[in-house]
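If you want the building blocks of each chain, they are given just below.
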Amino acid sequence: MDLYFEGQPVRRLMWTAISFALGFYAANTVSLSFGALSVNDVVAAALTVAFYEAVSAVYHRAPRKTLRLLFLNSFKVGVVVALIADAFKLAG
């Protein structure tokens, strides 16, 4: 994987944006499905917070930031941005 991205900053940026978009989509899917059913909302929120904290801990404690960690962190940021956008939609 490192050879695929070596010397290709545009490719790295593109895949970072793709992982962000996948996180955004995943959060919208979770929010929509659990919100529509009104079942296990607390469990979904707890799992989302646990995922966020686990990824943050792994990313910030890593001595060397690998591409997998970069993509996982951008997926996490996509999840957070989607949930914030969903909160604005509900509050507005």
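Scroll up to find the structure.
1. Section: the packing of aromatic side chains
Using the criterion set out here, one finds three aromatic pairs in the structure. Ring centres of Tyr 4 and Phe 5 lie 4.9 Å apart, and the angle between their planes is 85°; this geometry places the pair in the edge-to-face category. Here Phe 51 and Phe 75 contribute two aromatic rings whose centre-to-centre distance is 5.9 Å and whose plane-to-plane angle is 90°, an arrangement assigned as edge-to-face. In this pair, Phe 51 is assigned in helix H3 (residues 41-61) and Phe 75 in helix H4 (residues 67-91), connecting sequence segments 24 residues apart. Exposure remark for Phe 75: the relative accessible area of 24% places this residue in the partly exposed category. Connected via pairs of aromatic rings, a cluster forms that spans Tyr 4, Phe 5 and Phe 71. Directly above the aromatic system of Tyr 4 lies the positively charged group of Arg 11, at a separation of 4.2 Å from the ring centroid. The ring of Tyr 59 has Lys 65 lying over it, and the distance from NZ or CZ to the ring centre is 5.1 Å.

Parameters at a glance
Residues numbered from 1 in each chain as written. Predicted model: local features only at pLDDT ≥ 70, side-chain atom pairs only at ≥ 80, totals over all residues. Heavy atoms only, no water. Phe/Tyr/Trp six-rings, centres within 6.5 Å; stacked < 30°, edge-to-face > 60°. Helix = DSSP H or I, 4+ residues; strand = E, 2+ residues; numbered from the N terminus. Buried < 20%, exposed > 50% of the residue type's maximum accessible area, 1.4 Å probe, protein only. Lys NZ or Arg CZ within 6 Å of the ring centre and 35° of its normal.

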